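# Coordinate inspection notes
As a plain string of letters, each chain reads:
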Amino acid sequence: MSRVIGWCLGLLLFAAGANIHDPYLMAVRGWSGPVIAVAGFCGLLIVLRRGVRRRVAVLALWAAVPLAVLGAEGAFQWRKASVLSAPEAVASELGRHFMVGYERVEDVEGLAARGLIGGIFVSRRNLAGRTAEELRDEIRRLQDIRRRAGLAPLRVAADQEGGIVSKLSPWLPNRPAPSAVAGLPPDERRAAARALGRDHGRDLRSLGVTINFAPVLDLRTDRAPNPLDFNSLIARRAISGDPAVVGDVAAAYADGLAETGVQPTVKHFPGLGRVGTDTHHFRAAIGNSRETLEATDWRPFRHVLAGNPQALLMVGHVILSAVDPDRPASHSHRVVDGVIRRDWGYDGLVVTDDLVMTPVYQYGLCRVVEEALNAGVDLLLIALDGAQFYRAMACAMDAARRGELHPTALAASRERLDRSSAEALP
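Bear in mind that the values here come from a model prediction, so they are computed numbers and not experimental data. (Residues numbered from 1 in each chain as written. Predicted model: local features only at pLDDT ≥ 70, side-chain atom pairs only at ≥ 80, totals over all residues. Heavy atoms only, no water.)

Check the secondary structure of the protein chain and you find 16 helices and twelve strands. Relative to the 2.2 N^0.38 estimate, which gives 22 Å for 426 residues, the radius of gyration of the protein chain is 23 Å and therefore close to what a compact globule would have. For the protein chain, the spread of C-alpha atoms along the principal axes amounts to about 80 × 55 × 45 Å. Residue pairs at least 24 apart in sequence account for 75% of intrachain contacts in the protein chain once pairs closer than 6 positions are excluded. (Helix = DSSP H or I, 4+ residues; strand = E, 2+ residues; numbered from the N terminus. Rg over C-alpha atoms; globule rule 2.2 N^0.38 Å. Contact = heavy atoms within 4.5 Å.)

So, on to the pattern of salt bridges. Under the counting rule described, the total for this entry stands at 39 salt bridges. The closest approach of N and O atoms between Arg-104 and Asp-107, which form a salt bridge, is 2.8 Å. Given the relative accessible area of 48%, Arg-104 is considered partly exposed. Between Arg-147 and Asp-144 there is a salt bridge, with the nearest N and O atoms lying 2.2 Å from each other. Pair noted here: Arg-147 and Asp-144 are both in helix H6 (residues 132-148), with a separation of three residues, about one helical turn. Accessibility expressed as a relative area gives 56% for Arg-147, which makes it exposed. Residue Asp-144 is classed as partly exposed on the basis of its relative accessible area of 26%. Taken together, the salt bridges that share partners define one network made up of Asp-159, Glu-161, Lys-167, Arg-237 and Lys-267. (Salt bridge = Lys/Arg side-chain N within 4 Å of Asp/Glu carboxyl O. Buried < 20%, exposed > 50% of the residue type's maximum accessible area, 1.4 Å probe, protein only.)

Here we take up the packing of helix H14 (residues 365-375) against helix H15 (residues 389-401). Contact geometry for H14 and H15: axes closest at 9 Å, N-to-C directions at 60°. Classified by the angle their axes make, H14 and H15 are oblique. Once H14 is placed against H15, the crossing between them reads as right-handed. On the side of H14, the interface is formed by Leu-365, Cys-366, Val-369, Glu-370 and Leu-373, while H15 contributes Arg-391, Ala-392, Cys-395, Ala-396 and Ala-399. Along the lines of polarity and charge, the residues of the contact of H14 with H15 split into eight nonpolar, no polar and two charged. (Axes fitted to C-alpha atoms, helices over the stretch in contact; angles between N-to-C directions. Parallel < 35°, antiparallel > 145°, perpendicular 65-115°, else oblique. Left-handed = near helix turned anticlockwise from the far one by under 90°. Nonpolar A, V, L, I, M, F, W, Y, C, P; charged D, E, K, R; others polar.)

H15 packs onto helix H4 (residues 88-95) with a crossing angle of 115° between their chain directions and a minimal axis gap of 11 Å. The angle between H4 and H15 falls in the class roughly perpendicular. In the crossing of H4 with H15, the sense of the turn from one axis to the other is right-handed. Taken together, the residues of H15 that come into contact with H4 (itself represented by Val-90, Ala-91, Leu-94 and Gly-95) are Met-393, Ala-396, Met-397 and Ala-400. Taken together, the residues of the contact of H4 with H15 break down into seven nonpolar, one polar and no charged.

Our next topic: the packing of aromatic side chains. In this structure the tally under the stated criterion is eight aromatic pairs. Considering the side-chain rings of Phe-98 and Phe-389, the 5.4 Å spacing of their centres and the 80° angle between planes classify their relative orientation as edge-to-face. Taken together, the residues span a long stretch of sequence, with Phe-98 in strand S1 (residues 98-101) and Phe-389 in helix H15 at a distance of 291 residues. For the pair Phe-98 and Phe-389, one class covers both residues: buried. Ring geometry for Phe-269 against Phe-301: centres 5.5 Å apart, planes inclined by 85°, an arrangement best described as edge-to-face. Here Phe-301 lies in helix H11 (residues 299-307) and Phe-269 lies in strand S7 (residues 265-269), a separation of 32 residues in the sequence. Grouped by ring-pair contacts, the aromatic residues Phe-76, Phe-98, Phe-389 and Tyr-390 constitute a single cluster. (Phe/Tyr/Trp six-rings, centres within 6.5 Å; stacked < 30°, edge-to-face > 60°.)

Of the two faces of strand S3 (residues 155-158), the one carrying Arg-155 and Ala-157 and the one carrying Val-156 and Ala-158 are both buried. As judged from the three bridges shared by strand S2 (residues 119-121) and S3, these two strands associate in the parallel manner. Bridging from a neighbouring strand, Phe-121 pairs with Ala-157 of S3. After leaving S2, the chain enters H6 and then returns to the sheet as S3, a path that is right-handed. (Pairing = 2+ DSSP bridges. Right-handed = clockwise from strand over helix to strand, strands pointing away.)

If you walk across this open sheet you meet the five strands as S6-S3-S2-S1-S12, and the pairing is parallel. Looking at which strands have only one partner, the edges of the open sheet turn out to be strand S6 (211-212) and strand S12 (380-382).

Within the secondary structure, Asp-354 sits in the loop between strand S11 (350-352) and helix H13 (358-361). This buried residue, Asp-354, is left without a salt bridge; Arg-125 holds the nearest opposite charge, at 7.3 Å. Here the side chain of Asp-354 touches Val-356 through a polar contact of 3.2 Å, landing on its backbone nitrogen. Among the polar contacts made by the side chain of Asp-354, one reaches the main-chain amide nitrogen of Leu-384 at a distance of 2.8 Å. (Lys, Arg positive; Asp, Glu negative; His and termini not counted. Polar contact = N/O pair within 3.5 Å; in protein donor to acceptor, adjacent residues only side chain to side chain.)

Here it is as structure tokens:
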């Protein structure tokens with residue numbers, strides 16, 4: 001029995017050591033590596049002390065535990081060094097596409113100064129133990145760094161939908177989500193939604209936030225709750241199950257945001273209302289025909305995007321089987337370039353959902369980064385675990401070095417990003 005326990009523990013520690021920089025281990029990253037390495041050395045000594053030198057496999061397993069930690073840390077530091085030493089031309093060409101979250105401002109000051117990122121994402125972890133004024137001053141300092149470096153201002157995004165997704169509350173006022181006004185008569189709900197958008201916008205602008213990842217345009221369905229849905233919770237966030245009501249409320253809310261100088265973001269295309277799986281952790285697919293989706297789920301997206309040139313479009317990590325059954329929409333050329341760009345004629349900014357979500361991160365981050373940029377995605381979001389930026393940026397640099405990033409796609413995206421910066425309200 002002790003042998004089985006030893007093997008299981010050794011394998012577990014080896015796996016954890018090899019993945020110390022995985023997003024799922026972010027909460028213990030600061031101390032887990034040394035602890036796992038020490039545990040591996042202790043296990044190796046115990047095996048040797050028990051006189052099992054002939055059991056080469058057991059010895060190799062426990063010896064491999066600290067080596068796994070060293071290998072994972074070495075790979076991370078190598079990627080980080082390669083990104084930080086990137087030539088200025090590479091930094092400016094690729095860095096503009098990345099929007100990253102962070103815990104300490106020191107983690108992004110150098111990246112902002114060198115143009116290695118185009119934006120930041122702020123949430124309540126940036127406010128823990130602090131005041132809203134301190135975060136405002138921090139954002140202002142980062143923008144001053146950009147100005148002194150002769151670079152465009154950082155895009156500063158937040159997830160302040162209202163209701164259950166209010167990532168900057170209670171430092172900012174706890175306000176309702178747009179769904180709270182959906183039941184009002186049409187004229188009243190439009191006025192109320194616009195006023196709510198203005199309120200959210202003023203709150204965010206007081207901190208220096210320029211983009212809000214709202215409103216949610218996914219349709220509400222009557223599907224039974226999924227006990228494994230820990231984060232998506234679309235049924236609780238959706239405005240309505242009626243596409244006309246969703247479009248009506250969302251358009252007014254987006255207009256209210258834009259009035260204050262905050263860009264709205266419609267999400268999560270192609271519509272998570274039909275998905276019962278939590279796409280933060282599991283792969284999911286929408287099997288409905290394109291004709292059905294155009295007549296229902298996509299109506300609010302087209303309505304808001306047509307009426308608000310400031311709006312961004314967030315693409316989620318769900319497979320749209322009728323268009324591209326082989327990859328999530330967030331990095332599908334058929335979806336982004338085909339449906340959104342060519343068929344809809346949308347020439348605004350497209351942003352991915354967080355790239356550290358399992359459906360993309362665990363299925364090949366380098367592939368996702370390359371395909372997303374070639375598909376016409378403008379902003380790659382790395383929100384939850386900003387340290388993954390170094391891996392994603394290294395992937396982009398490697399793809400560029402191999403000549404596998406399409407110059408025409410990058411040029412078109414550069415024009416959109418520049419135009420959006422110029423058109424953004426002060």
